[in-house]
Each structure stands twice: as structure tokens, then as C-alpha cells.
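# Overview (structure and organization)
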Amino acid sequence: MVYANYGRPEDFAELEKRGISVKDKIVITRYGANFRGVKPEQAEKRGAIGMLIYSDPADDGYTKGIVYPEGPWRPDDAIQRGSILYIFRYPGDPLTPGEASVPATKRLDPSEAVSLPQIPTTPLSYGEARPLLEAMEGEDAPASWQGGLPFTYKIGPGATKVKISLDIEYKNQPVNDVIVRIPGAKHPEQTVVIGAHRDTWAYGTGDNTSGWTTTMEIARVLGEMVKKGWQPDRTIVLAGWDGEEYGLLGSVEWAEEHRKELTQNAVAYINMDGTGGQFFGASAVPSFKQLIYEVTKEVTEPRSGTSIYDDWYVREGRKDPSIGKLGSGSDYTPFIQHLGVPSMDMGFGVAGGLYHSAYDNLDLMERFIDPGYEHQAAGSELVGITALRLANADALPFQYSAYAAEVASMLEEIAAKDTLGVDLSVAINEARKWQAKAKELEEAASKLIADGVTDSERAQLDRMNAAMMQQERDLIVSDGLPSRPWYKHQIWAPGLTTGYAAQPLPAIAEAIAAKDAKALQQAADRLAGVLKKATETASAAR
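None of these values were measured; they are calculated from a predicted model.

### Section: the sheet that holds strand 9 (residues 279-284)
- The strand order across the open sheet built from 6 strands is 5-7-6-8-10-9, with neighbouring strands paired in mixed fashion. Either end of the sheet is taken by a strand with one partner, and the two such strands are strand 5 (178-182) and strand 9. Looking at each pair of strands side by side, their axes are set apart by 20° on average, direction ignored.
- By the bridge criterion, 3 bridges tie strand 8 (residues 266-271) to strand 10 (residues 343-349) in an arrangement that is parallel. Looking at the pairing, Asn 271 lines up with Asp 345 of strand 10.
- Seen against the sheet, helix 8 (residues 289-296) touches strand 9 and strand 10 and runs at an angle of roughly 155° to strand 9.

Put into C-alpha cells, the structure is as follows:
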């Protein structure tokens, strides 16, 4: 057995530097620093024959705080479950990449599915991992590799041996999404989609029964409004995804099945993957930044009594709060990165270490995570208001000028470093042109609705709204990223070696990492092309 820290590429590089091979070895790594599926993929590439992944107390156990049941941190018998599907290559059914997993779809042989791991891998608690690590031999692990167990971690290999015997049944079985539509009165073909996965590991009270409960509460309130004769202007879809924990199965297959409808008519996707907690956070495409700020000012933060925005503002050092970038690991992935539907993810969190364990239960929620379920109620209000603003807006509240400015800024930051002799100025100029034209469109739309929209102005406003929807689609390239064609967005993708975390400008970043000037030039040209399309869309709508 060989210890490889977090199982990152740099960790395996450190082993190689020390002359330690993992070929024909079982590798043990700790959770953290990257998506768990990256760890066996990196080990597999280097000839390992199996992997153990354990939760180290330095990351989410007793060195962080009091363990359950006295506190919210991981005790020594808590196992973190989780999919190791290589979703950074493509998510969803491994046998039907890019196509809906319905009976008529031709399926790959499992040996052809590049998202399926090829070495046996299983999780351990740190109580189970301790005797294995403690008995290891070889040189001391680097200081940064030392964990929270009370002994010096060794790298191995040595006399410590492990036999992995996993009883895995390979079969097809259905996943069951729950989909509800509230038809729109004015634009019934246009949809605002609210989604949360309803499957869990063990009890899964936080992840993600909380998000699914919040979705059902929104459905209850909107249902009462419908009974009184109300309809939104645009159709609202509420979705409960199944199979998310196995690799985003339910949302990906639904999005692939409804690709044409969603590409033409989806206004936005709002995701909830954890609303049980006490501190608000959000990730989104940059065009949603201002909308998120506005709706968080409308809802009270139960813990502080101020607005969610004000509480967020104070926690972030009295500045505009940061909104995260969309990588992967939750159900927004197919909407933004495969179809180009503007997406956001909102919820509440709190420090703790019982993620994906059997201790994510009602007792944990009621005593430590969200006493009184107050934040789940606030989440219902927050996401409900957001959906209604999008569904009923005369002019869709997107700010692509902010989006373009962020793209230009990211490109300028890259251009200031080593770009292998490739000039990124064309792409930067296209981003700035898009920023200017998007700003003109946003100002024109705002002016148009300021005094109410007349019948003669309706067609013009419809063109503007169509352009607001189209600009995100313009950032999609049909044949996808060179390294993984399922991911089609040219601005956002999960990192190949991080898995969950976003990799902005992925084709450019991967070309630079590979020191491939030709690939970098092609990525820059392709990026300039999609930015030009977005500029033309914004310009033509006026």
C-alpha cells in the first residue's frame, strides 16, 4: 500500500520524485482538495490496482471541532460515501453520453465508457484507516501530508498489505425524476426551471432532503396561488432529480431528452443542493450577479434579523459579496455547460464534517445545522421570488455587460503571464466589444419598460428578451471542448484534475497547462468567435 495524500496530480508527482511507484499497488488517499473521482483516475493512470479513500480528522473530524453526537464534526466511524464517476469527462448515464438514457438509445459497452473507473475503490472512516496507516513503513510523508491521526504518516510501500473485495452489481435500473409544470399565461413556451435532487446517501437530511423540501414548499405556495386563478407570465417548472449522487443521472438525462425545447425556450435554471444551514452562499453565471443581490435584499436572514444580503455583506468584510463560479458536482451542470441555459445555485451552509455520512440526519439538522428549519423556509422564499422575477419580468434581468467584463478581466490576467507566444488581444477585444453592445441593449430594454410597454413596442421587447436568452447559448460550441466534447461551454467547465471546482476558460487553461501553443491558438480563436457571436446577438436586437 502507498499513501498519496489527497491524490492530486502534484501528490503523485511528489511520489515519483521520491522514486516511489504506485504500479500494482493499492493507493490510500484522504478526502479533500479535489473531487473524489479524480483520485482513482490519477491512480489508475499510474498503474495502481485499487484505492482506499478515507476521511482524515484534520479535514473534517476532531481536530476541527466536537464530533457527533456532541457536535457537528465527523466521528471515527463515519464513512463519507460518494460517486467516483468521472463526471469531469461527462456526467449522466455512462453508457449514453450526449444522448438521453431511454430504452431506444444505443448503449456503449461498459469497457468503452470513459467516465467509468477501472480500478476498485472504496471509502473508509478514519477509525478504519488508522491501523492501516499506523502500520505503514517507508519514509516519512512530507509535513503538508501529515494528517490529524496521532502518529507520523509514512508513505510506504512496506509490509502493510490490503485486499479489496467489493461486491458490485452492474445493472440498468430506472431513476425517477419528479417534474411539475405551472403553465405561463403570456409566454407559455418559455420556462424557468427550479431543481433539487431528491436522492441521498443514507438519510441525507442536509444533502439534499433540505433542497427537495424547499422545492416542495415553493410548489405548495405556487399551487395555492394557482388555485386562486393566478398564472405566471412564463412557465415555471419544478423538478426533483433522482440519481444525482451517482453522477447527476436524473438531471443530465432529462436535459438531454429535452435538449431542443430547453435550448430554444429555457430562460434560466435555479439549483438548490443544500438549503439547511445558517450562512447564505451562491454560485452563478455573472449575468445573474445583480439579480442575486436584489433578491437577497428582499428576504430576512433568520439568524441575524437583517436581510440576507446585509448579513452576507458584513460577513464578506463590508463589500459586495462574492458569487462563486459554476464547476460541476450538482444539477446545474447539464443546463449551463451542455445547453447554455443561464444557471445559478443558491443555498445555506454551516461548518461541519458529516457530509455524505449516515449522521446527516434529522437530529443533526435540528440541533446543529438549521434549528427550527428557518433557513430552509428562507430558501423557499428566496428562490420563489427569484423564479417569479424571471417568470414575470417584462425585460429579462440579465446583465451580460458584467459577464463580458469578467471574461475580459480573466483574459487580461492570463495575457499578463506566459501565453506560449500566443496573442490573446483579439479575444480580449471581442470581450470588450460584447461588453459595450450588451450594455447598450440593457439600457435600451430598461428605457423601453420604464413607462410601460405599448402594443407597438411589444415585438421589439420580445426581440430584446430573445437576445438576452441567446447570448449564453452563443458561448456554446457544438463539438465541445477538445478534451471532452460533452462540455460545450467555452467559459465554464469543471477542472480536469479538480472535478468539482470551476475551470474558467477551460480550453485555454488546458492548452497552457499542456504547454501546447497550437492548441492555445485554436482555443483563443474559438473563444473570440463565440464572443463575436454574442456581440452580434446583442447588437442585432436593438
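Next comes the rest of the description.
### Some words on the packing of helix 16 (residues 506-513) against helix 17 (residues 517-540)
- Where helix 16 contacts helix 17, the two axes come as close as 8 Å, and the packing angle between them is 170°. Relative to helix 17, helix 16 is oriented roughly antiparallel. Of the two elements, helix 16 crosses helix 17, and the hand of that crossing is left-handed. Along its contact with helix 16, which presents Ala 507, Ile 508, Ala 511 and Ile 512, the element helix 17 presents Ala 519, Leu 520, Ala 523, Ala 524 and Leu 527.

### A few points about the pattern of salt bridges
- Within the structure shown, the criterion is met by 29 salt bridges.
- Across the salt bridge formed by Arg 18 and Glu 139, the nearest N and O atoms sit 2.4 Å from each other. With Arg 18 in the loop between helix 1 (9-17) and strand 2 (26-30) and Glu 139 in the loop between helix 4 (126-134) and strand 5, this pair connects stretches of sequence that are 121 residues apart.
- Look at Arg 18 and you get partly exposed, because its relative accessible area is 29%.
- Of the charged contacts in the structure, one is a salt bridge between Arg 484 and Glu 510, with a shortest N-O distance of 2.7 Å. Residue Arg 484 is located in the loop between helix 15 (455-473) and helix 16, and its partner Glu 510 is located in helix 16; the two are separated by 26 residues in the primary sequence.
- Each of Glu 14, Lys 17, Arg 18 and Glu 139 takes part in a single network of salt bridges with overlapping partners.

### Quick notes on the layout of surface pockets
- If you add up the space inside the largest pocket, you get close to 1,800 Å³.
- Around the largest pocket, the lining comprises 46 residues; the ones closest to its centre are Leu 116, Glu 169, Lys 171, Tyr 246 and Leu 249.
- When its residues are assigned to classes, the lining of the largest pocket shows 21 nonpolar, 13 polar and 12 charged.

### Some remarks on unusual backbone geometry
- The residue after Gly 156, namely Pro 157, is reached through a cis peptide bond having omega -10°.
- Residue position: Pro 157 is located in the loop between helix 4 and strand 5.
- Positive phi values are uncommon outside glycine, yet Ala 33 reaches one of about 75°.
- Its place among the elements puts Ala 33 in the loop between strand 2 and helix 2 (38-45).
- We classify Ala 33 as exposed; its relative accessible area is 55%.
- In this structure, Leu 248 takes a positive phi of about 60° despite not being glycine.
- Structurally, Leu 248 can be placed in the loop between strand 7 (234-241) and helix 6 (249-257).
- Its relative accessible area of 2% is what places Leu 248 among the buried residues.

### Quick notes on the nonpolar core
- Counting 111 residues, the largest nonpolar core has Phe 288, Ile 292 and Trp 434 as its most contacted members.
- Not counting the four nearest positions on each side in its chain, Ile 292 is found in contact with Phe 280, Ala 282, Ala 284, Trp 312, Ile 323, Met 344 and Met 346.
- In terms of nonpolar packing, the next biggest core, distinct from the first, is built from 30 residues, Ala 4, Leu 52, Ile 53 and Phe 151 among them.

### Thoughts on the environment of Arg 458
- Tracing the chain through its elements places Arg 458 in helix 15.
- By relative accessible area, which is 30% here, Arg 458 ends up partly exposed.
- Measuring from C-alpha to C-alpha, the distance between Arg 458 and Asp 394 comes to 9.5 Å, with 64 residues separating the pair along the chain.
- Residues contacting Arg 458, with those up to four places away along its chain left out, are Asp 394 and Val 453.

### What about the sheet that holds strand 2?
- The strand order across the open sheet built from 4 strands is 1-2-3-4, with neighbouring strands paired in parallel fashion. In this open sheet, the two edge strands, each paired with only one partner strand, are strand 1 (2-3) and strand 4 (121-124).
- As defined by bridge partners, strand 1 adjoins strand 2 across 2 bridges and the pair is classed as parallel. In the sheet register, Tyr 3 faces strand 2, and the bridge partner there is Ile 28.

### Considering the pairing of strand 7
- Where burial is concerned, most of strand 7 is hidden: 8 out of the 8 residues are buried.
- With 5 bridges joining them, strand 5 and strand 7 adopt antiparallel strand pairing. For Val 180, the partnering residue across the bridge sits in strand 7 and is Leu 238.
- Inspection of the sheet shows strand 6 (residues 187-197) paired to strand 7 by 8 bridges, in the parallel sense. Along strand 7, the bridge assignment pairs Ile 194 with Leu 238.
- Handedness of the crossover joining strand 6 and strand 7 through helix 5 (residues 205-227) is recorded here as right-handed.

### Details of the packing of aromatic side chains
- With the rule as written, the count across this model stands at 26 aromatic pairs.
- Between the aromatic rings of Tyr 68 and Tyr 359, the centroid separation amounts to 5.2 Å while the plane-to-plane angle is 40°, which identifies the pairing as tilted. Here Tyr 359 lies in the loop between strand 10 and helix 11 (362-369) and Tyr 68 lies in the loop between helix 3 (57-60) and strand 4, a separation of 291 residues in the sequence.
- Classification of Tyr 359 by relative accessible area gives partly exposed; the value is 23%.
- Ring centres of Phe 398 and Tyr 400 lie 5.8 Å apart, and the angle between their planes is 45°; on these two criteria the pair is classed as tilted.
- Relative accessible area serves as the criterion here: at 2%, Phe 398 is assigned to the buried category.
- Through a chain of ring-to-ring contacts, three or more aromatic side chains come together here, namely Phe 280, Tyr 293, Tyr 309, Trp 312, Tyr 313 and Phe 348.

### What about the packing of helix 5 against helix 12 (residues 374-392)?
- Between helix 5 and helix 12, the shortest axis-to-axis distance is 9 Å and the interhelical angle comes to 55°. Put simply, helix 5 runs oblique to helix 12. Both helix 5 and helix 12 take part in a crossing whose hand is right-handed. Side by side, helix 5 and helix 12 meet where Ser 210, Thr 213, Thr 214, Glu 217, Ile 218 and Leu 222 of the first sit next to Gln 376, Gly 379, Ser 380, Val 383, Gly 384 and Leu 388 of the second.
- Its residues assigned to classes, the contact of helix 5 with helix 12 shows 4 nonpolar, 7 polar and 1 charged.

Definitions and cut-offs
- Residues numbered from 1 in each chain as written.
- Predicted model: local features only at pLDDT ≥ 70, side-chain atom pairs only at ≥ 80, totals over all residues.
- Heavy atoms only, no water.
- Pairing = 2+ DSSP bridges.
- Helix = DSSP H or I, 4+ residues; strand = E, 2+ residues; numbered from the N terminus.
- Axes fitted to C-alpha atoms, helices over the stretch in contact; angles between N-to-C directions.
- Contact = heavy atoms within 4.5 Å.
- Parallel < 35°, antiparallel > 145°, perpendicular 65-115°, else oblique.
- Left-handed = near helix turned anticlockwise from the far one by under 90°.
- Salt bridge = Lys/Arg side-chain N within 4 Å of Asp/Glu carboxyl O.
- Buried < 20%, exposed > 50% of the residue type's maximum accessible area, 1.4 Å probe, protein only.
- 1 Å grid on protein atoms, 1.4 Å probe; cavity = no way out; pocket = protein on both sides within 12 Å on 5 of 7 lines; lining within 4 Å.
- Points joined across faces, edges and corners; volume = space filled by probe spheres on them.
- Nonpolar A, V, L, I, M, F, W, Y, C, P; charged D, E, K, R; others polar.
- Core = buried A, V, L, I, M, F, W, Y, C linked by side-chain atoms within 4.5 Å.
- Right-handed = clockwise from strand over helix to strand, strands pointing away.
- Phe/Tyr/Trp six-rings, centres within 6.5 Å; stacked < 30°, edge-to-face > 60°.

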